[in-house]
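Observations on the model geometry
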Amino acid sequence: FLCSRSRLCSARDLFATPTPQSFQVGINIIEAQKLVGVNINPFVVVKVGEEKRHTATQKSTNCPFYNEYFLFEFHEPRDILFHRLIEISVFHSKKIPFLGTCIGTFKMDVVTVYSQPDHRFFQKWAVISDPMDTRAGVKGFVKCNISVTARGEVVGSLPTSSSSQDEDIERNLLLPKRVPAERPWARVCIKLYRAEGLPSMSAGIMGGFSKIIGEKKVFIDPYVQVSFCGQQGETSVETNTTDPEWNEQISFIEMFPPLARKIKVQVLDDANVGDVAIATHYIDLQQISDSGRNGFNPTFGPAWVNLYGSPQNSALRDIHKDLNEGMGEGIFYRGRILMAITVEIFSSPSQPGEVTVEVEELHPLPENALGRKEEFLLFAAFFEATMMDSSLSSKPVSFEVSIGNYGKAEEVVTKVWRKMEKGEVKEEKQPLLDPGSDGELDVEVLAPASAALNKSVTNSQRPEPMEYDRSYSCLPMMHEKPCVYVWSYWEDHTWRLCISNWIVKLAERLEQGLDDVEKLMRRPKAKAEERLREVLEEFVAGCRQYLLSTERKTMAHPNNLDRCRMKYLMRNIILYAKQGLRMRRRLTRANVTEKVKETRRVLTKLRFMAKEPQCTLPDVLIWMLSNNRRVAYARVPAQNILYSVVEEEKGKDCAKIQTVFMKVPRLHTGEIFAKLEVYMWLGVTKYAKNCLAELPEEFKYLSESGQEIAQLSAYSPPSRLSRDDFSYFQLRAHLYQARGILPADDNGLSDPFARVVFSTHCQTTRMLEETLSPMWNELLLFDQLIVDGKKEELKTETPIIIINLFSHNKFGSPEFLGHAFAVPQVKLVDEPYTKPALQFFDFYKGTKAVGELIATFELMELDYSGYLEDVEPKEPDYLGDPHAGRFIIPEGIRPVLKEFRIEILFWGLRDLKRVNLFEVDQPQVIIECAGKKVESEVIVAYKENPNFTELVKYMDVDLPEQVYLHPPLSIFVVEKRAFGRTVLVGTHVVSDVMKFSPRELEEDPEDVPK
């Protein structure tokens, strides 16, 4: 079963823009051989992206030796670097320096190098060929090492080089696996038919004045620029339109298979001052081709490609304009473009003489080549908006839901213009949310005429602080849930998304199963192997069902890629089913870990296969408007909420309450700005009556005026849902301890506390001082909660709990250390009570895992009088002082502790590095475990004698009986400086304390981990 509400958000999804990273591209040019030419003086030029370096020139030789190393440094997001090309060219030097004639070049993009084992090619020969003379064949070979390393990656050791003279060049070519040594030339044609719905831009300085004069729209002059493998081509410019028709094809000549993976398609506006990018789209050749034996060459379309970018329409002062150049995910729909790609491979005599980029005219596509447009309905009901940033507290908040250009609030720019004494024009700025966003303009929401039926913006409400701990705010939606609905028109190619959904569901089920197995593997005596066997059986059964259903599937208006992809999917699903059967047969208790790894590999391939390259429906965008300004957004792929009559083809979140996290544009800390629970449905109008079928029964449907709708028709969805009777719940959050968390203070420790957020409530644990493994041992009790949704589905569709970890700051606001997501165990009124077991949850900050939490959560339904019936500890015990009102985790859930003694022998310290430029002179070692500390003596002069004099110390600690719950042991080295300051030199964490225990303790029958 797939969950939408309790699906844990992957850390990747929380990033609005990818974080820039530091990369190094190292290229070592060793030698060249068999260069064509008589009496030449060769030198090699290496170019990565825009940067160029060159080697020295060797006089009159055809096999020069260089051994020069070039290092290129980049600080930019991973995707941008990966699109860059590496070019290695050999030139013949003339008398005038640097005016060499090119003998030949070799091109490859960075991602090809990065996807090699160890991210490098070692001592391989690059084949040099001349782009101006393709019939001449190979012009020589250059031997080189190329490596790409990201900062913080461990670099493997280099293999020893065998530089024997008669080395086999043909065997060691610089090519990825499974690429033939002889690559034929091919022509790649990109056909651009037309575009529609492009934004109207007001470019340059005149834009500002045309607004004063009051023109409604400034049209653009769009053209398309396509770049591939270092070559570029452009269509002609269409003037003054937002729906241009080009009907042109751009063709490139390149060796096949090309060593660059992406084709970049960019729509630009031709302006006098400088051309402005309107939107950029990358097409990944791996997704539109298959290099296997029965594979197919790259092919695409004719199909619509959706474009995304920034919400702003003027090129001046647009703070999000990188998004239009393809950096980061777009946050606004910017029209779509109709295109196709074909590849023809030349046999040698017919190939063209030199590499050129040609632009030719095309016949326009016939009107209904892609089918008629159908009417779609998008319906969304907001159930909850919580954990909102407290910066929103005073202003009214509303939500806008749009798909494509439908449902967008039309934007009219209102600025206050004042005449000054000297007649100059000055603008008044109003204070905005944050000082950095001075590029945002006020948005007045005007409904366009066509949208008389649509209701795409909810009524605005003022946020209120959350219960208990008031550090976040939420919207009051207890009794009435606002709804929105948007009608839109698209060609009905939903069958593509249906097939993709089927495979996505196969992959999601497999992943959930594997996560279960991995949880079981962390525990002794659990049945991980049996669970894995079930998971594989279920997977094979799912594959069989897919194969049976697709044989009967009809495609409306399929193109070449659709037919090829259909066969490709069939072939690979059969292959994976066979692999699944084989793994199940060979599974034993001993090789569970290995088989889980193998299954993970199948899972990554499935995930890649499920991506539909020709996705015709644009993504749904949910925007949070605060005071009519766009503050935060979430992008929901249309296929996830698409309705289909066949259950397996339905989007995984269609007609379910799902958790959606809003993020702030351009922020890359990965913090959550707000958490929504939304019910969404998207489908063709003929199924529109199903859009409310899955809502819980107790809701009444109200129209805009507040009357109850008795008869639901497809054309009047409700504007609000209301309810009177509630079922009440109690949540018990047992937080035992966290371990391995980030240090926040200079001394290498933190003062951690946790905020637990559930629905509209938030509570905080106590703050513990100076520790990296805080043992709270605390029960947080949330009483009288109201949980939306069908009761019988709560077991599987459970609302999510977010645990935010902070470190207390004496001055200023607390420092964020990461968040974890958890799903509670649900107990309804009529079920017997069982005690939950403690579980592990990982903390994330950004994409990095930062520590783990040991805790468990139970959500229990109260009976009508609002009282708990037969739950064992009726009244929980107090933790310490009863007046503080804090509860301790009840017995049976709280681990049983035993007393252990830890003895430490201090010998000495070695090889201490400098700290802040000063040498370490008076170090001291501190050892901490389970809240107890032991300090060594301070070494007086580390330079002269780095050993301790007082050797043995010990501490008594209480540790749980179960070994897997043991807290880690932390070792700190600090230095005492003048005026009583201590500086942290370094830390080390030992995760498993029991490896230091004597044998007879380990063989205690209860706690031997299996």
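Residues numbered from 1 in each chain as written. Predicted model: local features only at pLDDT ≥ 70, side-chain atom pairs only at ≥ 80, totals over all residues. Heavy atoms only, no water.

Looking only at helices and strands, the protein chain has nine helices and 49 strands in total. A buried classification covers 52% of the 1010 residues belonging to the protein chain. On the protein chain, roughly 48000 Å² of surface is accessible, and the fraction owed to carbon and sulfur atoms is 50%. (Helix = DSSP H or I, 4+ residues; strand = E, 2+ residues; numbered from the N terminus. Buried < 20%, exposed > 50% of the residue type's maximum accessible area, 1.4 Å probe, protein only. Areas by Shrake-Rupley, 256 points an atom, 1.4 Å probe, with all protein chains shown as cover.)

The next subject is the side chain of Gln225. Its place among the elements puts Gln225 in strand E10 (residues 222-228). At 3.0 Å, the side chain of Gln225 and the side chain of Glu234 are in polar contact. Excluding residues that lie within four positions of it along the chain, Gln225 makes contacts with Gln232, Gly233, Glu234, Lys264, Val265, Gln266 and Leu268. (Polar contact = N/O pair within 3.5 Å; in protein donor to acceptor, adjacent residues only side chain to side chain. Contact = heavy atoms within 4.5 Å.)

Counting 69 residues, the largest nonpolar core has Ile190, Ile263, Ile337, Met339, Ile341 and Leu606 as its most contacted members. Not counting residues up to four positions away in its chain, the partners in contact with Ile341 are Val188, Cys189, Ile190, Ile263, Ile283, Ile288, Pro298, Thr299 and Phe300. Listed in part, the 42 residues of the second largest apolar core include Phe23, Ile88, Ile103 and Ala150. (Core = buried A, V, L, I, M, F, W, Y, C linked by side-chain atoms within 4.5 Å.)

Right, let's talk about unusual backbone geometry for a bit. That bond from Phe256 to Pro257 is cis: its omega, -5 degrees, falls within 30 degrees of zero. Relative to the helices and strands, Pro257 is located in the loop between strand E12 (245-255) and strand E13 (262-269). If you check the backbone angles, Glu770 has positive phi at about 45 degrees while not being a glycine. Within the secondary structure layout, Glu770 lies in the loop between strand E36 (761-764) and strand E37 (775-786). Of note, Asn777 is a non-glycine position whose phi angle comes to about 50 degrees, a positive value. Looking at the secondary structure, you find Asn777 in strand E37.

The buried count for strand E5 (residues 85-92) comes to seven of eight residues, which makes it a mostly enclosed element. Bridge count between strand E2 (residues 42-48) and E5: seven bridges; the pairing is antiparallel. Bridging from a neighbouring strand, Val46 pairs with Ile88 of E5. Across eight bridges, the pairing between E5 and strand E6 (residues 101-109) is antiparallel. Residue Ile86 lies in a different strand from E6, and its bridge partner there is Met108. (Pairing = 2+ DSSP bridges.)

This part takes up the sheet that holds strand E14 (residues 276-284). Across the sheet, four strands lie side by side as E11-E10-E13-E14; this open sheet has antiparallel pairing. Each edge of the sheet is formed by a strand with only one pairing partner; in this case those strands are strand E11 (231-234) and E14. Averaged over neighbouring strand pairs, the angle between their axes works out to 20 degrees when direction is ignored. Across eight bridges, the pairing between E13 and E14 is antiparallel. When the bridges of E14 are listed, Ile263 appears paired with Ile283. (Axes fitted to C-alpha atoms, helices over the stretch in contact; angles between N-to-C directions.)

Moving on to the environment of Ser759. In this fold, Ser759 is placed in the loop between strand E35 (752-758) and E36. Considering only alpha carbons, one finds Ser759 and Thr386, 373 residues apart in sequence, at a separation of 6.9 Å. The residues contacting Ser759, other than those within four sequence positions of it, are Glu384, Thr386, Met466 and Ile786. Only 3.2 Å separates the side chain of Ser759 from the side chain of Glu384, close enough to count as a polar contact.

Right, let's get into the sheet that holds strand E29 (residues 629-636). Pairing is antiparallel in the open sheet, where three strands are placed in the order E19-E28-E29. Unpaired on one side and paired on the other, strand E19 (397-403) and E29 mark the two borders of the sheet. Shown here is a sheet whose adjacent strand axes are inclined to one another by a mean of 20 degrees, direction ignored. Across seven bridges, strand E28 (residues 620-626) lies against E29 in antiparallel orientation. Along E29, the bridge assignment pairs Trp623 with Tyr633.

Taken as a whole and assessed by the stated rule, the structure comprises 26 aromatic pairs. Seen from their ring centres, Phe82 and Tyr114 are 4.9 Å apart, and the 40 degrees between their planes marks the pair as tilted. Pair noted here: Phe82 is in helix H1 (residues 78-83) and Tyr114 is in helix H2 (residues 110-114), with a separation of 32 residues, a long-range link. Of the two residues, Phe82 and Tyr114, neither departs from the other in class, the shared state being buried. Centroid distance Tyr333 to Trp490: 6.5 Å. Interplanar angle 80 degrees. Geometry classified as edge-to-face. One end of the pair, Tyr333, is in strand E16 (residues 332-345); the other, Trp490, is in strand E27 (residues 480-491), and 157 residues separate them in sequence. In terms of burial, Tyr333 and Trp490 fall into one category: buried. One residue, Arg755, lies across the ring of Tyr472, its end atom 5.7 Å from the ring centre. Sitting over the ring of Phe806, Arg755 keeps its end group 4.5 Å from the ring centre. (Phe/Tyr/Trp six-rings, centres within 6.5 Å; stacked < 30°, edge-to-face > 60°. Lys NZ or Arg CZ within 6 Å of the ring centre and 35° of its normal.)

This part covers the packing of helix H6 (residues 528-551) against helix H8 (residues 592-610). The N-to-C vectors of H6 and H8 enclose an angle of 30 degrees; their axes lie 11 Å apart at closest approach. The orientation of H6 with respect to H8, classified from their angle, is roughly parallel. Where H6 crosses over H8, the handedness of that crossing is left-handed. On H8, the residues that touch Ala528, Glu529, Leu532, Leu536 and Phe539 of H6 are Val592, Lys595, Val596, Thr599, Val602 and Leu606. Tallied by class, the residues present in the contact of H6 with H8 amount to eight nonpolar, one polar and two charged. (Parallel < 35°, antiparallel > 145°, perpendicular 65-115°, else oblique. Left-handed = near helix turned anticlockwise from the far one by under 90°. Nonpolar A, V, L, I, M, F, W, Y, C, P; charged D, E, K, R; others polar.)

Time to look at the pairing of strand E7 (residues 120-129). For E7, the buried fraction is high: nine of the ten residues fall into the buried class. Where E7 and strand E8 (residues 138-150) come together, eight bridges link them in antiparallel fashion. From the neighbouring strand, Ser129 faces E8, where its bridge partner is Val138.

With that settled, the discussion passes to a nonpolar patch on the surface. Among the surface-exposed residues, Leu905, Trp907, Leu951 and Val952 lie close enough to one another that they form a single nonpolar patch of about 440 Å² accessible area. With respect to the helices, strands and loops of the structure, Val952 is situated in strand E47 (residues 952-960). Exposure remark for Val952: the relative accessible area of 52% places this residue in the exposed category. (Patch = residues over 30% accessible without salt bridge, like charges linked within 9 Å, V, L, I, M, F, W, Y side chains within 5 Å. Salt bridge = Lys/Arg side-chain N within 4 Å of Asp/Glu carboxyl O.)

Per the counting criterion, the structure on display carries 48 salt bridges. Close ionic contact of Glu891 with Arg894 constitutes a salt bridge, the shortest N to O distance being 3.8 Å. Classification of Glu891 as exposed rests on a relative accessible area of 61%. Of the residues examined, Arg894 reaches a relative accessible area of 24% and is grouped as partly exposed. Shared partners join several salt bridges into a network, and the residues in it are Glu196, Arg336, Lys373 and Glu491.

Where like charges cluster on the molecular surface, the negative patch consists of Glu694, Glu697, Glu792 and Glu793. Position of Glu793 relative to the elements: it lies in the loop between E37 and strand E38 (801-807). By relative accessible area, Glu793 is classed as partly exposed at 31%. (Lys, Arg positive; Asp, Glu negative; His and termini not counted. Charge placed at Lys NZ, Arg CZ, Asp CG, Glu CD.)

Compared with the 38 Å implied by 1.5 Å per residue over 26 residues, the 38 Å span of helix H7 (residues 560-585) between its first and last C-alpha is a close match. At the N-terminal end of H7, a side-chain oxygen is found 3.2 Å from the backbone nitrogen of Leu561, two or three residues along, and the residue is Asn559. (Expected span 1.5 Å × (residues − 1).)

Time to look at the packing of helix H5 (residues 494-521) against H6. The description of two helices packed together rests on the angle between their axes and the distance between the axes. For the pair H5 and H6, the least separation of the axes is 9 Å and the interaxial angle reads 175 degrees. Of the possible angle classes, the one that applies to H5 and H6 is roughly antiparallel. Along its contact with H5, which presents Ile499, Trp502, Ile503, Leu506, Arg509, Leu510, Gly513, Leu514, Asp516, Val517, Leu520 and Met521, the element H6 presents Ala528, Arg531, Leu532, Val535, Glu538, Phe539, Gly542, Cys543, Gln545, Tyr546 and Ser549. Taken together, the residues of the contact of H5 with H6 break down into 15 nonpolar, four polar and four charged.

For the protein chain, mean pLDDT is 84; residues scoring 70 or higher make up 88% of the total. Per-residue pLDDT stays below 50 along residues 203-215; that stretch engages in ten contacts with residues further than four places along the chain or on separate chains. Here residues 1003-1010 is modelled with pLDDT under 50, and outside its nearest four sequence neighbours on either side it reaches 13 contacts, counting other chains as well. (pLDDT = per-residue confidence, 0-100.)

Here the focus is the side chain of Ser251. Mapping Ser251 onto the fold places it in strand E12. You can call Ser251 buried: its relative accessible area is 2%.

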